[in-house]
Amino acid sequence: MLSANISAISYLISGILFILALRGLSSPETSRQGNLFGILGMIIAITVTFLSIGNFSTGFVVVLIFLLIGGLIGAFIAYKIPMTAMPELVAGFHSLVGLAAVFVAIAAFLNPDAFNLGSPGNIKLGSLIEMSIGAAVGAITFSGSIIAFLKLQGIMSGSPITFKGQHPLNAFILISIIIITYLLCSTQSSNLFWILLAISFLIGFLLIIPIGGADMPVVISMLNSYSGWAAAGIGFTLENTALIITGALVGSSGAILSYIMCKGMNRSFFNVILGGFGATEQSSSSQDKEQRPVKSGNADDAAFLMKNASSVIIVPGYGMAVAQAQHALREMVDTLKKNDIKVSYAIHPVAGRMPGHMNVLLAEANVPYDEVFELEEINNDFANADVAFVIGANDVTNPVAKTDPQSPIYGMPVLDVEKCKSVLFVKRSLSPGYAGIDNDLFYKENTLMLFADAKKMTEDITKNL
Amino acid sequence: MEIDPFIFRLSIFVLSIFIGYYVVWSVTPSLHTPLMSVTNAISSVIIVGAIIAGLAGNSDTIFNTSSIFGFLAISLAAINIFGGFLVTQRMLAMYKKKKKDK
């Protein structure tokens, strides 16, 4: 059996290794080593826990069996999952962290002796508060992530679900969570504990249903943050440094990502959370602009334009992920490069359904990461480029965000695609993007619309090059 | 007067938030997806709580309500730990630099 001091120091070491794991992600070269630090930190934490309990009887074998079952499932998923499904996977993983936090809180509530927290019905006040917070946040993370998962997977419609009295209802439930936590701590009643869990599950569900599919980058980041706070709450209950450090890291990581995503859409966090975007904004723009002429072309025209270009910038978006066009795109780019055409990629912060979604897909298609640029890095280059190839992106290229103060997306940072000599826009139809607004880019002199499936169009262009 | 040990844990917590803040801002945007999957994996260190709960029973009462919740939590967290780290590894292995000859 390990002394309490030694295990406390070991937990501190795993906390530090987790910090290094995140630190490694500052560049792709150091990231792989960072991940190994993370794994090492986890091994230390688990080993120390076993050693400090020092119980290697039948229970230990049962624990190992459950560990192994989970591990095998996890490893299987990790190897099988296609990269395009990464947002769903992350949402699913968040739900598991949330549920695990709830289960640990339940276990601690039912058997506080095992955790040195007092006895059933007489749990230390501080621990009970921490436990309730961990359990409530965990439950919200769980049900919220399930809804996010269902929306991303397409099982549930991505459009926002709103009803009358939604916000007052949510506010009422949030206030009751606080009141019930207070009552729970003063009475130690187990009924209140179960009620607390039930309404926390409910509020997680209610908070996410009004948020539309394209706001998922914010939602996923937010749930990422919640899963961290839940872990920290449990960490306080268990008086475990590794868990407290990790919870704080993950909590602030998710919060920063949410902030970056909100900034990428020029919307406040509360605006996204209150939801319903896209359902209400479809007013004036649709009727009068419908009649404007667009130029449309085929793969042959597109190939001709690109062959005569000296530099091409690719603008990928969620549509590329849906069409699984990243490999076809890379092949097209390879052909362009053989003709000595300079190609780079421009990624908008909210392109796709989660932070960094496009970068992963391009990396999967063997696109070197030093050809891929963020909005601020590349936005000035559009003016000097010959062709912009927009594939699966829409709202993030809309010049209206810079010109029309009436537009719902006014002020959102956009890629200055229209400054290119010519724009090739791959899209299935003229339908507006998720924001429900028409893209002015479609009607510009220098825009050629390519109406087709992104993957098929890209392959056809390659054939014609 | 003695300081409540809670204050020490709170200090660790607050300082870690600051560390997290600075470390995460230095993460390159192209690695934001791996960042999310690895934070998933490390937040599953909650498994230590699950293990404590799972091993709390005596040898004749291995399965009681509390320990069963512990066992389930062990499996859930283990899915995340293995899945999270492995999928991160898989993603990171794909990030390659341009070949020198170009």
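That block above? That's the structure.
Now for a look at the structure at hand. It should be emphasised that the depicted structure is a prediction, and the values quoted were computed from it without experimental measurement. (Residues numbered from 1 in each chain as written. Chains lettered and ligands numbered in written order. Predicted model: local features only at pLDDT ≥ 70, side-chain atom pairs only at ≥ 80, totals over all residues. Heavy atoms only, no water.)

## Section: unusual backbone geometry
Residues and elements named next belong to chain A.
Next up, step 1: A positive phi is found at N116, a non-glycine position, where the angle reads about 60 degrees.
Next up, step 2: Along the chain, the position of N116 falls in the loop between α4 (86–110) and β1 (118–119).
Next up, step 3: The exposure class of N116 is exposed, given its relative accessible area of 63%.
Next up, step 4: The backbone of N266 shows a phi angle near 50 degrees, a positive value even though the residue is not glycine.
Next up, step 5: Residue N266 is classed as partly exposed on the basis of its relative accessible area of 41%. (Helix = DSSP H or I, 4+ residues; strand = E, 2+ residues; numbered from the N terminus. Buried < 20%, exposed > 50% of the residue type's maximum accessible area, 1.4 Å probe, protein only.)

## A word on the interface of chain A and chain B
Next up, step 1: Listed per partner, the contact involves 104 residues of chain A and 78 residues of chain B.
Next up, step 2: Roughly 8300 Å² is buried in total at the junction of chain A and chain B, and carbon and sulfur atoms are behind 78% of that figure.
Next up, step 3: Where chain A touches chain B, the interface holds 1 salt bridge.
Next up, step 4: Between R9 of chain B and E239 of chain A there is a salt bridge whose closest N-O contact spans 3.5 Å.
Next up, step 5: Applying the counting rule to chain A against chain B returns 17 residue pairs in polar contact (both at pLDDT 80 or more).
Next up, step 6: Listing elements by their share of the side of chain A that touches chain B, those giving two or more residues are α1 (4–24), α2 (28–53), α3 (58–80), α4, α8 (216–238), α9 (241–265) and α15 (357–364) of chain A.
Next up, step 7: In terms of residues, the side of chain A that touches chain B owes the most to one element, α3 of chain A, which gives 17 residues. (Contact = heavy atoms within 4.5 Å. Buried area = accessible area lost by both parts, 1.4 Å probe. Salt bridge = Lys/Arg side-chain N within 4 Å of Asp/Glu carboxyl O. Polar contact = N/O pair within 3.5 Å; in protein donor to acceptor, adjacent residues only side chain to side chain.)

## A few points about the packing of α4 of chain A against α8 of chain A
Residues and elements named next belong to chain A.
Next up, step 1: Contact pair α4 / α8: the axes reach a minimum separation of 10 Å and the direction vectors enclose 20 degrees. As the angle between them shows, α4 and α8 are arranged roughly parallel. For the pair α4 and α8, the sense of crossing is left-handed. Along its contact with α4, which presents P87, V90, H94, V97, A101, V104 and A105, the element α8 presents I220, L223, N224, S227, A230 and I234. (Axes fitted to C-alpha atoms, helices over the stretch in contact; angles between N-to-C directions. Parallel < 35°, antiparallel > 145°, perpendicular 65-115°, else oblique. Left-handed = near helix turned anticlockwise from the far one by under 90°.)

## A word on α3 of chain A
Next up, step 1: Across its 23 residues, α3 of chain A extends 33 Å between first and last C-alpha, which sits within 8% of the 33 Å expected from 1.5 Å per residue.
Next up, step 2: Among the residues of α3 of chain A, those classed as buried are G59, F60, V62, V63, F66, L67, G70, G71, G74, A75 and A78 of chain A. (Expected span 1.5 Å × (residues − 1).)

## Some details on the pairing of strand β8 (residues 447–451) of chain A
Residues and elements named next belong to chain A.
Next up, step 1: Burial within β8 is extensive, with 4 of its 5 residues counted as buried.
Next up, step 2: Summarising the sheet, strand β7 (residues 422–427) and β8 pair through 5 bridges and their orientation is parallel. Across the sheet, the residue bridging to F425 is M449, located in β8. (Pairing = 2+ DSSP bridges.)

## Notes on the packing of aromatic side chains
Next up, step 1: All told, the structure shown has 15 aromatic pairs over all chains when counted by the stated rule.
Next up, step 2: The interplanar angle of 5 degrees and the centroid separation of 4.1 Å between the aromatic rings of F109 of chain A and F193 of chain A together place this pair among those described as stacked. Taken together, the positions of F109 of chain A in helix α4 and F193 of chain A in helix α7 (residues 190–208) put the pair 84 residues apart, joining distant regions of the chain.
Next up, step 3: For F109 of chain A, a relative accessible area of 7% translates into the label buried.
Next up, step 4: Classification of F193 of chain A as buried rests on a relative accessible area of 1%.
Next up, step 5: Feature note: the residues W229 and F236 of chain A together with F6 and F13 of chain B constitute an aromatic cluster, connected by ring pairs.
Next up, step 6: Of note, R353 of chain A hangs over the ring of Y318 of chain A, and the distance from its end group to the ring centre comes to 3.7 Å. (Phe/Tyr/Trp six-rings, centres within 6.5 Å; stacked < 30°, edge-to-face > 60°. Lys NZ or Arg CZ within 6 Å of the ring centre and 35° of its normal.)

## A word on the pattern of salt bridges
All names here are of chain A.
Next up, step 1: Counted under the stated rule, the structure contains 11 salt bridges over all chains.
Next up, step 2: One salt bridge connects K337 with E371, and the closest N-O pair in it is separated by 2.9 Å. Here K337, found in helix α14 (residues 326–338), pairs with E371, found in the loop between α15 and β5 (372–374); they are 34 residues apart in sequence, far enough to count as distant.
Next up, step 3: E371 gets classed as buried once you look at its relative accessible area, which sits at 4%.
Next up, step 4: Note that R428 is salt-bridged to D453, the shortest N-O span being 3.1 Å. Highlighted residues: R428 in the loop between β7 and β8 and D453 in the loop between β8 and α18 (454–464), separated in sequence by 25 residues.
Next up, step 5: Through salt bridges with shared partners, a single ionic network connects K402, D416, E418 and K419.

## Concerning the packing of α8 of chain A against helix α1 (residues 5–25) of chain B
Next up, step 1: Across the interface, α8 of chain A lies against α1 of chain B with an axial gap of 11 Å and an inter-helix angle of 160 degrees. What the angle tells us is that α8 of chain A and α1 of chain B run roughly antiparallel. Where α8 of chain A crosses over α1 of chain B, the handedness of that crossing is right-handed. Between α8 of chain A, through W229, A232 and F236 of chain A, and α1 of chain B, the contact on the second element is made entirely by F6, R9, L10, F13 and I17 of chain B.
Next up, step 2: Here the residues of the contact of α8 of chain A with α1 of chain B sort into 7 nonpolar, no polar and 1 charged. (Nonpolar A, V, L, I, M, F, W, Y, C, P; charged D, E, K, R; others polar.)

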